[in-house]
Amino acid sequence: MQIAELIRIVDIEGRSLAAAAEEAGVDAKVPTCPGWQIRDLLRHQGAVHQWATSYVAEQRKPHGIGHHEVGLDGAELLAWFREGHRRLVDTLTAAPADLDCWAFLPAPSPLAFWARRQAHETTVHRVDAQSALARTVHEEPITAEFAADGIDELLAGFHARERSRVRSDVPRTLRVRATDAGPDAVWTVRITQDPPATERGASGEAECELSGPAVRLYLALWNRLPFPDVSGDPALAAFWREHSGV
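Residues numbered from 1 in each chain as written. Predicted model: local features only at pLDDT ≥ 70, side-chain atom pairs only at ≥ 80, totals over all residues. Heavy atoms only, no water.

Asks: Could you give me a rundown of helix α4 (residues 110-131), with the residues and numbers involved?
Replies: Taking 1.5 Å of rise per residue, the 22 residues of α4 would be expected to cover 32 Å, and the 32 Å separating its terminal C-alpha atoms lies within 8% of that figure. Burial within α4 is extensive, with 22 of its 22 residues counted as buried. (Helix = DSSP H or I, 4+ residues; strand = E, 2+ residues; numbered from the N terminus. Expected span 1.5 Å × (residues − 1). Buried < 20%, exposed > 50% of the residue type's maximum accessible area, 1.4 Å probe, protein only.)

Below, the structure written as structure tokens:
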């Protein structure tokens with residue numbers, strides 16, 4: 001996806017998150033994040049936005065910047081979140097194409113990485129904020145293209161890292177197929193004692209296939225919805241859900 005489109009998504013989703021949080025109130029429970037209230041969600045996502053902004057704005061290369069604890073609450077917390085989100089969007093928009101800073105997943109450029117990561121981070125947590133309104137999960141305005149990109153980031157990016165907990169002494173093969181995002185929206189995930197190895201396409205036999213519309217599959221892989229459709233060994237789907245939290 002184009003960087004400008006990803007930044008547009010960061011903007012839209014962050015504003016939607018804030019609106020849902022304001023409507024729900026900081027005391028509201030967040031069903032998709034057990035144990036969290038809206039205040040926890042705002043503190044987490046606001047800290048992530050500021051963390052990302054610091055790398056892009058200052059072109060930082062070391063990765064030792066941590067998240068700061070936020071003691072704000074109520075209206076002040078919401079205002080702080082909105083200010084930080086606005087600063088992130090403005091910083092990404094103004095960043096040069098040849099931005100040189102740290103990134104923790106493969107990408108065409110650091111700017112492409114940060115725009116993509118913050119777009120997906122903010123979208124998933126916008127879904128969390130809206131879940132506190134006791135409504136069904138809001139899939140719109142997520143598109144099939146964006147959802148497929150998020151699936152790819154999760155499988156080929158996050159779970160390729162050493163910290164992935166999806167490991168098995170017995171090799172397993174999982175297929176993930178988005179049914180409405182074109183013929184290339186298929187991933188084969190090989191699970192071993194090492195971090196999962198993901199390749200595009202239906203390569204070889206799979207013990208289990210997770211399939212369905214891209215948006216529902218995207219949110220299911222981020223543990224916000226049940227899997228749309230599971231064929232083959234359901235134990236492998238359960239194993240993924242149990243161990244794949246990021």
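After that view, the rundown keeps rolling.
Asks: Outline helix α5 (residues 144-157), supporting the account with residue identities and numerical values.
Replies: With 14 residues, α5 ought to run about 20 Å at 1.5 Å a step, and its terminal C-alpha atoms sit 19 Å apart, in line with that. Across the 14 residues of α5, 11 count as buried, placing the element largely inside the fold. For α5, the set of buried residues is Phe146, Ala147, Ala148, Asp149, Gly150, Ile151, Asp152, Glu153, Leu154, Leu155 and Gly157.

Asks: A description of unusual backbone geometry should follow, citing residues and the corresponding values.
Replies: The phi dihedral of glutamine 59 is positive, around 50 degrees, even though this residue is not glycine. Of note, glutamine 59 is situated in the loop between α2 (38-58) and α3 (74-94). Positive phi, normally seen in glycine, also occurs at asparagine 223, with a value near 60 degrees. Its place among the elements puts asparagine 223 in the loop between α6 (214-221) and β5 (229-232). Note on asparagine 223: relative accessible area 27%, which makes it partly exposed.

Asks: I'd like a description of the packing of aromatic side chains, backed by residues and values.
Replies: Inspection of the entire model under this criterion finds 14 aromatic pairs. Measuring from centroid to centroid gives 5.4 Å for tryptophan 51 and tryptophan 114, while their planes differ by 75 degrees, and the two rings are edge-to-face. Within this pair, whereas tryptophan 51 is found in helix α2, its partner tryptophan 114 is found in helix α4, the two being separated by 63 residues in sequence. According to the relative accessible area criterion, tryptophan 51 is buried, its value standing at 14%. Overall, tryptophan 114 belongs to the buried group, its relative accessible area being 0%. Aromatic ring contacts, followed pair by pair, group Trp51, Tyr55, Trp102, Phe104, Phe113, Trp114, Phe158 and Trp222 into a single cluster. (Phe/Tyr/Trp six-rings, centres within 6.5 Å; stacked < 30°, edge-to-face > 60°.)

Purely spatial values, then, with no claim about function.
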